[in-house]
Amino acid sequence: MKTIGAQEVEQLVKKQEQVHILDVREVEEVKTGKIPNALNIPLPLLEFRMHELDKAKKYIVVCRSGGRSGMAARFLEQQGYSVTNMTGGMMGWKGETV
C-alpha cells in the first residue's frame, strides 16, 4: 500500500494539483473540519458507496490518525482502485480546512 505524509498532501493541495481526497471519518468528525474538496464517505459505508468513486482517478485516503484510512485504502486497492493512505491523518494536517 502506498503512503503519503500530510505535508506532502498539503503541498499538492496548495499547488492546486488534481488531487482527489477521500475522507473516511464519521460525519460528526468531519464537522470539525475537512480538507477542501474532500469527499466524505464514512468507513462503515464505503463498501456500499464505492460506486461513487472513479477507478480512473487516484485517491488519497484520510481519517483522523491514519488507521481507518489504511483499512479503507487496502479495501479499495483490492477492488481495483488507485489509492494512497495519508499517514498521520487529520492529526498531522496543518493546512486549510472547511
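Source: prediction; values computed, not measured.

Peer 1: I tried to follow the environment of Val9 on my own but got confused; where do I start?
Peer 2: Topologically, Val9 is positioned in helix α1 (residues 6–14). Taking relative accessible area as the criterion, Val9 reaches 0% and is therefore assigned buried. Between the C-alpha atoms of Val9 and Trp93, which are 84 residues apart in sequence, the distance is 8.7 Å. In this structure Val9 touches Ile4, Ile21, Ile60, Met86 and Trp93, once residues within four positions along its chain are discounted.

Peer 1: It is not clear to me how the pattern of salt bridges should be interpreted in this structure. Could you clarify?
Peer 2: A side chain of one charge can pair with a side chain of the opposite charge when the charged atoms of the two come close. The full count for this structure, using the stated rule, is five salt bridges. Among the salt bridges present, the one from Asp23 reaches Arg25, with a minimum N-O distance of 2.7 Å. Judged by its relative accessible area of 3%, Arg25 falls in the buried class.

Peer 1: Any chance you could explain the packing of aromatic side chains here in plain terms?
Peer 2: Geometry of an aromatic ring pair is reported as the spacing of the ring centres plus the angle between the planes. Here the structure, examined in full by the defined rule, presents zero aromatic pairs. It is Lys55 that lies over the ring of Tyr81; its NZ or CZ is 5.2 Å from the centre.

Peer 1: Would you mind showing me how to read helix α4 (residues 67–78) here?
Peer 2: Since the α-helix advances by 3.6 residues per turn, residues separated by three or four positions end up pointing in the same direction. In this model, α4 (twelve residues) spans 17 Å end to end at C-alpha, consistent with the 16 Å of a helix rising 1.5 Å per residue. Residues Ser69, Gly70, Ala72, Ala73 and Leu76 constitute the buried set of α4. On an axial view of α4, the arc spanned by its buried residues comes to 165 degrees, and they lie on one face. Against β2 (20–23), α3 (46–49), β4 (58–62) and β5 (82–87) lie the buried residues of α4. Directly beyond the C-terminal end of α4, a positive phi value near 95 degrees is found at Gly80.

Peer 1: Explain unusual backbone geometry to me, please; I cannot follow it from the model alone.
Peer 2: As a rule of thumb, non-glycine residues mostly have phi less than zero, and peptide bonds are mostly trans rather than cis. We note that Gln16 has phi near 55 degrees; this positive angle belongs to a residue other than glycine. Mapping Gln16 onto the fold places it in the loop between α1 and β2. Backbone geometry places Asn37, a non-glycine residue, at a positive phi of 70 degrees. The residue Asn37 is located in the loop between α2 (27–30) and β3 (39–40) in this model. For Asn37, a relative accessible area of 76% puts it in the exposed group.

The rules behind the values
- Residues numbered from 1 in each chain as written.
- Predicted model: local features only at pLDDT ≥ 70, side-chain atom pairs only at ≥ 80, totals over all residues.
- Heavy atoms only, no water.
- Helix = DSSP H or I, 4+ residues; strand = E, 2+ residues; numbered from the N terminus.
- Buried < 20%, exposed > 50% of the residue type's maximum accessible area, 1.4 Å probe, protein only.
- Contact = heavy atoms within 4.5 Å.
- Salt bridge = Lys/Arg side-chain N within 4 Å of Asp/Glu carboxyl O.
- Phe/Tyr/Trp six-rings, centres within 6.5 Å; stacked < 30°, edge-to-face > 60°.
- Lys NZ or Arg CZ within 6 Å of the ring centre and 35° of its normal.
- Expected span 1.5 Å × (residues − 1).
- Arc of directions from axis to C-beta.

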